[in-house]
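Residues per chain, in single letters:
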Amino acid sequence: MKKTLVAIAAVAVTTGAMAEATLTGSVQAGSNQTSISTSGSPTVNTLNFEDSNGNTVFNIGDTEDLGGGLMFKGNIAVETGLASQTISNGHGVNETYASLTGGFGGIKVGALQSPQFQAVAAGDAGGGFLISNLVGTNNTHQGDSGTLVLLQTKSFQYTTPTFVDGLSLKYQYGASAAADNIGDANHFAGDYKTGAFAAGVAYSTYKFSAASTTDKATTYYATYDFGPVKLQALWGKAEISGYDDVNSSSIGFQVPVGAATFMYNHGSSDGAVYNVYTSTGAVTGNRLVSTVDQAGDFIGVSYALSKRTTAYAAFYK
């Protein structure tokens with residue numbers, strides 16, 4: 001294992017100096033208005049003009065055929081969007097990594113998307129608007145004033161060779177990272193796709209901090225693309241030590257009409273997972289469970305103005 005990782009580092013340095021890099025990315029800007037109403041408190045309204053989903057990113061990538069069936073790929077993601085979703089504190093959505101694939105399967109190291117996030121992304125009809133999904137909120141563990149843990153720094157991932165057509169199996173380990181980030185995480189994931197049908201599962205065990213107990217999360221997704229409409233479904237269970245499990249589900253669809261795509265998603269759960277903060281705003285290292293039922297609806301539409309430019313509007317309650 002040590003020799004393999006050293007080889008990846010050496011290839012990354014060599015190809016970075018000699019190969020031609022590709023530059024890709026996306027730029028997002030718009031307005032984001034939020035209205036929060038809590039019983040017994042005045043309504044809080046905010047209006048921001050920003051990249052509210054952290055989708056403004058520039059990727060510097062390189063792919064090299066090393067011969068003998070070996071392929072190297074590397075990527076550096078430079079995010080310039082929402083500050084709370086930058087790679088530096090482990091909350092980004094874009095990966096920075098080096099990978100090596102061959103007959104043995106594939107290994108990947110760096111700042112990687114968690115399999116829990118990838119499962120939610122596959123089954124959420126809202127696509128990039130993942131904060132609207134209750135399965136994503138509970139199973140990637142968003143605090144009441146924290147951020148979604150979508151990406152883990154200090155990660156290692158192994159993908160097995162393809163034993164069955166359409167089936168992908170992977171294991172990912174995430175070491176402890178910044179505050180408000182899952183650490184010592186072990187992820188197991190399986191994805192299957194055949195024709196218009198796709199389904200998968202992600203199972204994770206993790207610790208919030210070295211002193212905390214081990215929690216668990218499971219996410220299932222399934223999609224079927226009929227052509228005129230694509231159906232998407234999610235189910236998740238968050239198991240927080242010492243508390244009842246939180247079960248979440250969502251179902252939705254996407255309908256393409258010419259250059260436009262209409263999206264709808266409804267989610268519900270029998271509770272909510274949240275982080276505990278001190279009076280100074282520091283995270284205590286604990287996660288609690290609210291037993292209050294949750295429900296939410298997402299409505300959105302995107303419109304392709306050109307091959308590379310899309311406008312969209314979304315509403316979430």
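Everything quoted here is computed from the prediction, not taken from an experiment. (Residues numbered from 1 in each chain as written. Predicted model: local features only at pLDDT ≥ 70, side-chain atom pairs only at ≥ 80, totals over all residues. Heavy atoms only, no water.)

**Let's talk about the overall build of the chain**
Scanning the chain for helices and strands turns up 3 helices and 19 strands. Here the chain holds 317 residues, and the buried ones make up 40% of them. If you take every contact in the chain between residues at least 6 apart in sequence, the share linking residues at least 24 apart comes to 48%. Here the chain has roughly 16,200 Å² of accessible surface; of this, 60% comes from carbon and sulfur atoms. (Helix = DSSP H or I, 4+ residues; strand = E, 2+ residues; numbered from the N terminus. Buried < 20%, exposed > 50% of the residue type's maximum accessible area, 1.4 Å probe, protein only. Contact = heavy atoms within 4.5 Å. Areas by Shrake-Rupley, 256 points an atom, 1.4 Å probe, with all protein chains shown as cover.)

**Some details on the packing of aromatic side chains**
Two measures describe an aromatic ring pair: the distance that separates the ring centres and the angle between the ring planes. Overall, the coordinates contain 4 aromatic pairs when judged by the stated rule. Judged by centre distance (5.2 Å) and plane angle (45°), the ring pair of Tyr171 and Phe188 falls under tilted. One end of the pair, Tyr171, is in strand E9 (residues 167–174); the other, Phe188, is in strand E10 (residues 183–194), with 17 residues separating them in the sequence. Judged by relative accessible area, Phe188 falls into the partly exposed class, the value being 45%. (Phe/Tyr/Trp six-rings, centres within 6.5 Å; stacked < 30°, edge-to-face > 60°.)

**Section: the environment of Pro256**
Mapping Pro256 onto the fold places it in strand E14 (residues 246–257). According to the relative accessible area criterion, Pro256 is partly exposed, its value standing at 43%. Along the primary structure Pro256 and Ser302 are separated by 46 residues, whereas in three dimensions their C-alpha atoms are 9.4 Å apart. The contact partners of Pro256, leaving out residues within four places of it in the chain, are Gly227, Pro228 and Thr261.

**Regarding the pairing of strand E15 (residues 260–269)**
Here E14 pairs with E15 via 10 bridges, running antiparallel. Looking across to E15, one finds that Val257 is bridged to Ala260. Linking E14 to E15, which pair antiparallel, is a turn of 2 residues; within it Gly258 sits at a positive phi near 60°. In this structure, E15 lies alongside strand E18 (residues 294–304), joined through 10 bridges in antiparallel fashion. Within the sheet, the bridge partner assigned to Asn265 lies in E18 and is Phe298. (Pairing = 2+ DSSP bridges.)

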